[in-house]
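Structure at a glance
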Amino acid sequence: MIDMNRRGLVLAAGGAIAANAVGAPVWAATPQRKLGYAIVGLGGYGLGVIIPQFKNCEHSKLVALVSGDPVKAKRVASEYGVPERSIYNYDNYDSIKDNPDIDIVYVCLPVSMHAEYTIRAAKAGKHVLCEKPMALSSTECESMIAACKQAGKKLMIGYRCHFEPTNLEARRRARAGEIGKLRYFRSEHGFVQGNPSAWRLKKAMSGGGSLMDMGIYALQAARYMTNEEPIAVYAHERTDRSDPRFREVEDMIEFELEFPSGVIASCMSMYSANQNHILLMGDKGRIELEPGTGYHGNRLWVGNGRSEEITPPPGPGATQWAGQLDHMARCVIDNREPIVAGEEGLRDMRIIEAIYRSAREQKRIALKA
Ligand code: NAD
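In this report, we go over the structure that sits alongside the text. Note that this is a predicted model, so its numbers are computed, not measured. (Residues numbered from 1 in each chain as written. Predicted model: local features only at pLDDT ≥ 70, side-chain atom pairs only at ≥ 80, totals over all residues. Heavy atoms only, no water.)

Focus: the sheet that holds strand β7 (residues 87–88)
- Pairing is parallel across the open sheet formed by six strands, whose spatial order is β7-β6-β5-β8-β9-β10. Each edge of the sheet is formed by a strand with only one pairing partner; in this case those strands are β7 and β10 (155–157). (Pairing = 2+ DSSP bridges. Helix = DSSP H or I, 4+ residues; strand = E, 2+ residues; numbered from the N terminus.)

Laid out in structure tokens, this is it:
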């Protein structure tokens, strides 16, 4: 039996999704139309990383651009075949509501703009994929979730590692017990931030320093690798405040997460060293990724030390970004919740707030269940 939804997409009846070996959804039927994305913010990530990925997608296409720079927007539109009528700026952004080609808005702006542009998109009747970290505060996250719920629209956070083959394979092996009982987790994430005037170093725009931007990968990995939610955090910050880059936000922050099983996650982020590493220690062996959450070239070892390197099976998309973009499109088509919905971003923000509080007050902070 075939069911035609209101947008003319043909779906198999039931539309049930099963999970494949790495826990990623397997969809019931292939839709006949690609869903249209508007990219908001043509910066390093939106233009440099996301837009070139549509060619790898099965269910997603680029249909509109939102930018404060009309010359750049016109150039990008012509390069990627976006009609000029589908170029918007931050003032006329709300008129995306009149553009039926746009199904999903992808917010690739500085963190301080995530809440506003997500809420405005929802009010314009569009589904939203919003970059990480979700917003400046958990209060903002809550208002984004509420706005999307009220509009009946999906909200997903750009946690691309949930679509990245190395992470999915590491998680599968950890959960299958290949390294025995997990004892501890370690992850360090950082890069050398060179530009003192970058928005990432302005607290009002970023919400914080390396923790918000890079530590969030360690926090996410600790949660998806252990499959547990932390019950307490303890954090310690080290920042040279005389460094002009770090007048407003932290450089280095170390945080420990306690999990109900007794597993400890020991994480660190920094804006003064290039690091990208994940380690899971079990009582029968270890799983290590380095780099762990890079755009390309992530590597995985399982066993003892680095003697056995694993080549993971393919992920859900041709690339992690294609997997992510198509996942959101399929969730819209099949009316499913994204595996990394707004609630997932909110959970991280609540933990991040507790980490900052712990560092400030220099004490262990228990987390609410
Ligand atoms: P960027 O500075 O390169 O780009 C930001 C864009 O926002 C630019 O096009 C800029 O013109 C625009 N903008 C609009 N108003 C602005 C203002 N008032 N100040 C500064 N810029 C303004 O930043 P980016 O690296 O592209 O990051 C954008 C978002 O993507 C952030 O949320 C970031 O955390 C996220 N990101 C995610 C990943 C990932 O792997 N998931 C990687 C990089 C960035």
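Section: the packing of aromatic side chains
- A complete count under the given rule lists seven aromatic pairs for this structure.
- Ring centres 5.4 Å apart and planes at 55° place the aromatic pair Tyr37 and Phe54 in the tilted group. Residue Tyr37 is located in strand β5 (residues 35–40), and its partner Phe54 is located in the loop between α1 (46–50) and β6 (60–66); the two are separated by 17 residues in the primary sequence.
- According to the relative accessible area criterion, Tyr37 is buried, its value standing at 0%.
- Residue Phe54 is classed as buried on the basis of its relative accessible area, which comes to 7%.
- Where Phe191 meets Tyr271, the ring centres are 5.3 Å apart and the plane angle is 65°; that geometry is what we call edge-to-face. Linking Phe191 in the loop between β11 (182–190) and α6 (203–206) with Tyr271 in the loop between β14 (264–270) and β15 (275–282), this pair joins segments that are 80 residues apart in sequence.
- The exposure class of Phe191 is partly exposed, given its relative accessible area of 24%. (Phe/Tyr/Trp six-rings, centres within 6.5 Å; stacked < 30°, edge-to-face > 60°. Buried < 20%, exposed > 50% of the residue type's maximum accessible area, 1.4 Å probe, protein only.)

Regarding unusual backbone geometry
- Following Lys132, the chain continues into Pro133 via a peptide bond in cis, with omega recorded as -15°.
- With respect to the element layout, Pro133 can be found in the loop between β9 (127–130) and α4 (138–151).
- Across the junction of Glu290 and Pro291, the peptide omega takes the value -10°, indicating a cis bond.
- By secondary structure assignment, the location of Pro291 is in the loop between β16 (285–289) and β17 (300–303).
- Even without being a glycine, Gln362 presents a positive backbone phi close to 50°.
- Following the sequence through the fold, Gln362 ends up in the loop between α9 (342–361) and β19 (365–366).
- A relative accessible area of 60% places Gln362 in the exposed class.

A look at the packing of helix α3 (residues 114–123) against α4
- Two elements in contact, α3 and α4, have axes separated by 9 Å at closest approach and are oriented at 10°. With respect to α4, the axis of α3 lies roughly parallel. Facing His114, Ala115, Thr118, Ile119 and Ala122 of α3, the residues of α4 in contact are Glu140, Ser143, Met144, Ala147, Cys148 and Ala151.
- Taken together, the residues that form the contact of α3 with α4 break down as seven nonpolar, three polar and one charged. (Axes fitted to C-alpha atoms, helices over the stretch in contact; angles between N-to-C directions. Parallel < 35°, antiparallel > 145°, perpendicular 65-115°, else oblique. Contact = heavy atoms within 4.5 Å. Nonpolar A, V, L, I, M, F, W, Y, C, P; charged D, E, K, R; others polar.)

Looking at the pairing of β16
- Taken across its five residues, β16 has four buried, putting it largely inside the fold.
- As judged from the five bridges shared by β15 and β16, these two strands associate in the antiparallel manner. Looking at the pairing, Ile278 lines up with Leu289 of β16.
- Where β15 folds back onto β16 in an antiparallel hairpin, the turn is made up of two residues.

Brief notes about the pattern of salt bridges
- By the definition in use, this model includes 29 salt bridges.
- One salt bridge in this structure joins Lys154 and Glu337, with 3.7 Å as the shortest N-O distance. Here Glu337 lies in the loop between α8 (320–334) and α9 and Lys154 lies in the loop between α4 and β10, a separation of 183 residues in the sequence.
- Accessibility expressed as a relative area gives 9% for Lys154, which makes it buried.
- Here Arg330 and Asp334 are joined by a salt bridge, their closest N and O atoms 3.2 Å apart. Here Arg330 pairs with Asp334, and both are found in helix α8, just four residues apart, close to one helical turn. (Salt bridge = Lys/Arg side-chain N within 4 Å of Asp/Glu carboxyl O.)

Focus on the packing of helix α7 (residues 210–226) against α9
- Viewed as axis vectors pointing N to C, α7 and α9 meet at an angle of 115°, and their least axial separation amounts to 10 Å. When the interaxial angle is binned, α7 and α9 end up roughly perpendicular. At the point where α7 passes α9, the crossing takes the right-handed sense. Counting all contacts with α7, which are made through Leu211, Met212, Ile216, Leu219, Gln220 and Arg223, the residues of α9 involved are Glu344, Arg347, Asp348, Met349, Ile351, Ile352, Ile355 and Tyr356. (Left-handed = near helix turned anticlockwise from the far one by under 90°.)

Examining the site of the ligand
- In the neighbourhood of the ligand, 22 residues make up the surrounding shell, with Gly44, Tyr45, Lys132, Arg160 and Trp199 lying closest.
- Measuring from an oxygen atom of the ligand, one finds a backbone N or O atom of Gly44 at 2.7 Å.
- Residue Arg160 places a side-chain N or O atom 2.6 Å away from an oxygen atom belonging to the ligand.
- When the ligand sits alone it has 830 Å² of accessible area, and the protein chains cover 75% of it. (Near = heavy atom within 4 Å. Polar contact = N/O pair within 3.5 Å; in protein donor to acceptor, adjacent residues only side chain to side chain. Areas by Shrake-Rupley, 256 points an atom, 1.4 Å probe, with all protein chains shown as cover.)

Quick look at helix α5 (residues 165–175)
- Taken across its 11 residues, α5 has eight buried, putting it largely inside the fold.
- Within α5, burial applies to Thr166, Asn167, Leu168, Glu169, Ala170, Arg171, Arg173 and Ala174.
- The inward-facing, buried residues of α5 contact α7, β15, β16, β17 and β18 (309–310).
- Gly177 sits one or two positions beyond α5 and adopts a positive phi of about 80°.

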